[in-house]
Amino acid sequence: MDRATIVSTRSILPVMGKNTRIVKVGTVLVGGGYPPPVQTMWKEALTEKDLDAAVARISTLAGLGCRILRFAVPAITDVEALGALASRVDMPLVADIHFDWRIALRCLDFPIAKIRVNPGNLGAPWKLREVATKAAAKDVPIRIGVNAGSLPKDLAAVYEAASGRRAANDPEQLEVRSGALVEAAEREVAALDALGFTEVIVSMKASSVADTVACNRLFASRHDIPLHVGVTEAGPLVQGCVRSAAALYGLLSDGIGDTLRISLSSDMENEVIAGSELVCLATGLREGADIVSCPRCGRAGFDTHGFASRWRDRILGSGKPVTVAIMGCVVNGPGEARHADIGITGAGNKVIVFRKGEIARTCAPEDADTVFWEEFDLL
């Protein structure tokens, strides 16, 4: 299928009633009430020898719900590999660039779907003008990235003066910090507006949950520009998921946030799964399969942890709109998981595969995976 005809299933109909403008990132529509596409960022440097493996992994990420994928491009020598990859995959790829406008210009020679820059970092105004002119000619949007850790000097001083343990939850200091983040974004928006460039997405991120929420609410109250939301440097898997959920659930539920990333010190797959689950909880929209599983206890007759770990990505990547229950014992098996389209549990020396609370198959533990997938494929 031609790249131009491939449209994300998340971009078919607006559903959220937001009034942000629509920005097209490759084949994905961001803003305007469309469900917020989940993003992640490639965790390593990309080289041309990595391309075959990258194509395969991107396919897995897409199956898990990733719709946009960002790559750091620290040097102009890194552009060729990203450009070659962009020509081989349908997923929109974003080039993340700091300081050197020539890297952005070179990226725009390839089918890159979006450029992420902080315009103030590019130096002289004519450099930004060159980037914006070429991006406009290529119909490529620009994401303005504002980070609490890299504000302009005057705003950084304001932000730091209002920071600290005592100030963290003080309403007046929170207002000052969120105002500094928003002003940084507005300066960059104004610079592009002056050039007639309006295909813009804005992100304002902090490691503070309160700051992240406050600045995005403030910006959304003033502008119709789509927002990319997330908590930066959120932490390891558990802490990062908790902090991100605390910050983003309320924003998304209120229609603030047009695309998102859960930034974890973990793998990309976990970022995508966490982001997709958060979108589902906040919007009521779910793509594909849902997994419910018990935490396991002394009654357990089935290794829920091992089974879920082995097959999570395959279940979630199946694209089937089904609920899968992975339960540890007969107490939490067919009875409590009666709503599940398919489930698996164990009792004694046998494993039970069930559908809608009714036993479909029993087998020996060593045959459990094979039997489960035989039944799953019938759904």
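Placed above this text is the structure.
Residues numbered from 1 in each chain as written. Predicted model: local features only at pLDDT ≥ 70, side-chain atom pairs only at ≥ 80, totals over all residues. Heavy atoms only, no water.

A.B. asks: Can you walk me through the packing of aromatic side chains in this structure?
C.D. replies: The relative placement of two aromatic rings is captured by the distance of their centres and the angle of their planes. Inspection of every chain in the model, using the stated rule, returns 8 aromatic pairs. Measuring from ring centre to ring centre gives 5.4 Å for Trp311 and Trp373, while their planes differ by 70°; the resulting arrangement is edge-to-face. A residue pair is termed long-range when its members are at least 10 positions apart, and Trp311 in helix 10 (residues 304-316) and Trp373 in helix 12 (residues 368-376) qualify at 62 residues. Here Trp311 and Trp373 have matching classes, each one buried. Judged by centre distance (5.3 Å) and plane angle (85°), the ring pair of Phe372 and Trp373 falls under edge-to-face. Comparing Phe372 with Trp373, the two get one shared label, buried. Of the aromatic side chains, those joined through ring pairs into one cluster are Phe302, Phe307, Trp311, Phe372, Trp373 and Phe376. Here the basic side chain of Arg57 rests over the ring of Trp42, its NZ or CZ set 5.9 Å away from the ring centre. Stacked on the ring of Trp373, the Lys or Arg Arg314 has its end atom at 3.7 Å from the ring centre. (Phe/Tyr/Trp six-rings, centres within 6.5 Å; stacked < 30°, edge-to-face > 60°. Helix = DSSP H or I, 4+ residues; strand = E, 2+ residues; numbered from the N terminus. Buried < 20%, exposed > 50% of the residue type's maximum accessible area, 1.4 Å probe, protein only. Lys NZ or Arg CZ within 6 Å of the ring centre and 35° of its normal.)

A.B. asks: Teacher, can you tell me more about the pairing of strand 5 (residues 93-96) here?
C.D. replies: As a general feature of sheets, a regular strand has side chains that alternate between the two faces. Where burial is concerned, the two faces of strand 5 agree: the one with Leu93 and Ala95 and the one with Val94 and Asp96 are both buried. Note that strand 4 (residues 66-72) and strand 5 share 4 bridges and pair parallel. By the bridge assignment for strand 5, Arg70 is matched with Val94. Chirality of the crossover, the property in question, places the unit of strand 4, helix 2 (residues 79-86) and strand 5 among those that are right-handed. With 3 bridges joining them, strand 5 and strand 6 (residues 114-117) adopt parallel strand pairing. Bridge pairing in strand 6 places Val94 opposite Lys114. (Pairing = 2+ DSSP bridges. Right-handed = clockwise from strand over helix to strand, strands pointing away.)

A.B. asks: Whenever I open this one, the sheet that holds strand 6 confuses me. Can you help?
C.D. replies: Strands belonging to one sheet form pairs held by backbone hydrogen bonds; the direction of such a pair is parallel or antiparallel. Within the closed barrel, the 8 strands sit side by side as 3-4-5-6-7-8-9-10. Their pairing is parallel. Between one strand and the next, the sheet's axes are offset by a mean angle of 25°, whatever the strand orientation. In terms of strand pairing, strand 6 meets strand 7 (residues 142-147) through 3 bridges, oriented parallel. Among the inter-strand pairings, Arg116 is bridged to a residue of strand 7, identified as Arg143. Across the sheet, helix 2 touches strand 4 and strand 5, and the angle it forms with strand 5 is around 165°. (Axes fitted to C-alpha atoms, helices over the stretch in contact; angles between N-to-C directions. Contact = heavy atoms within 4.5 Å.)

A.B. asks: Quick question: what am I supposed to make of the nonpolar core here?
C.D. replies: Within soluble globular proteins, side chains that are nonpolar generally end up buried alongside one another. In terms of nonpolar packing, the biggest core is built from 81 residues, with Ile115 and Val202 touching the most fellow members. Excluding its chain neighbours within four sequence positions, the residues that come into contact with Val202 are Ile144, Ala185, Val189, Phe219, Ile225, Pro226, Leu227 and His228. Counting residues in each nonpolar core, the second largest holds 18 residues, with Phe302, Ile315, Val324 and Val353 among its members. (Core = buried A, V, L, I, M, F, W, Y, C linked by side-chain atoms within 4.5 Å.)

A.B. asks: Would you mind showing me how to read the sheet that holds strand 12 (residues 323-326) here?
C.D. replies: Strands sit in the order 11-12-13-14-15 across an open sheet of 5 strands; the sheet is mixed. The two strands at the open ends of the sheet, each matched to only one other strand, are strand 11 (290-293) and strand 15 (358-363). On average, each strand axis in the sheet is tilted by 20° relative to the strand beside it, whichever way the strands run. With 4 bridges joining them, strand 11 and strand 12 adopt parallel strand pairing. Counted as the bridge partner of Ser293 is Ile326 from strand 12. Against the sheet, helix 10 contacts strand 11, strand 12 and strand 13 (342-347), and its axis sits at roughly 165° relative to strand 12. Against the sheet, helix 12 engages strand 12, strand 13, strand 14 (350-355) and strand 15, with an angle of about 140° to strand 15.

A.B. asks: Looking at this structure, I do not really get a nonpolar patch on the surface. What am I missing?
C.D. replies: Side chains of Leu237, Val238 and Val242 sit close together on the surface and give an oily, nonpolar patch of about 270 Å² of accessible area. Residue position: Val242 is located in helix 8 (residues 237-253). A relative accessible area of 55% means that Val242 is categorised as exposed. (Patch = residues over 30% accessible without salt bridge, like charges linked within 9 Å, V, L, I, M, F, W, Y side chains within 5 Å. Areas by Shrake-Rupley, 256 points an atom, 1.4 Å probe, with all protein chains shown as cover. Salt bridge = Lys/Arg side-chain N within 4 Å of Asp/Glu carboxyl O.)

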